[in-house]
Amino acid sequence: MIKSIQCWQCGTRMTLDALASNDGDCPECEVEIHLGEYLSEALDTNQRLEAELAKAHEYGCQYRQERNRAQAELAALKAQEPIG
Ligand SMILES: [Zn+2]
């Protein structure tokens, strides 16, 4: 979701509402702002974030597997310890 957009000409940040209420022109310099570019950029960002999230999830799964194995090894070692 795009919360604010930046004018490509003057750099002013504005909300979508502010842009819409000014007929799609920058409220500061009145240049026309094409939302299409912003949308494709937002979609690219979204895709990249989803890929990173998937990777993080994968790492998380690997971590849990490693931890479970370590706990199992620890339990096995404890079971081997002589009592007393
Ligand atoms: Zn502007």
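All of these numbers come straight from a predicted model, not from anything done at the bench.

Student: What is the right way to read the confidence of the model for the protein from this model?
Tutor: Low-confidence regions, as indicated by low pLDDT, have predicted coordinates that should not be scrutinised in detail. With 95% of its residues at a pLDDT of 70 or more, the protein shows a mean pLDDT of 89. The lowest-confidence element of the protein is strand E1 (residues 4-6), averaging 87 in pLDDT; the highest-confidence one is strand E2 (residues 13-15), averaging 92.

Student: I keep staring at helix H2 (residues 35-80) and nothing clicks. Help me out?
Tutor: Because an α-helix completes one turn every 3.6 residues, residues spaced three or four positions apart along the sequence face the same direction. Its 46 residues place the ends of H2 66 Å apart at the C-alpha level, agreeing with the 68 Å of an ideal helix rising 1.5 Å per residue. Among the 46 residues of H2, zero are classified as buried, and the element is accordingly described as predominantly exposed.

Student: Would you take a moment to explain unusual backbone geometry for this structure?
Tutor: Leaving glycine out, the prevailing phi sign among residues is negative, and the prevailing peptide bond configuration is trans. A positive phi angle, close to 60 degrees, is found at Asp23, a residue other than glycine. Counting through the fold element by element, Asp23 comes out in the loop between helix H1 (16-21) and H2. We classify Asp23 as exposed; it has 8 C-beta atoms within 10 Å. At Glu30, a position not held by glycine, the phi torsion is positive, near 65 degrees. Mapped onto the elements of the fold, Glu30 is located in the loop between H1 and H2.

What counts and what doesn't
Residues numbered from 1 in each chain as written. Predicted model: local features only at pLDDT ≥ 70, side-chain atom pairs only at ≥ 80, totals over all residues. pLDDT = per-residue confidence, 0-100. Helix = DSSP H or I, 4+ residues; strand = E, 2+ residues; numbered from the N terminus. Expected span 1.5 Å × (residues − 1). Buried ≥ 20, exposed ≤ 12 C-beta atoms within 10 Å, placed from the backbone.

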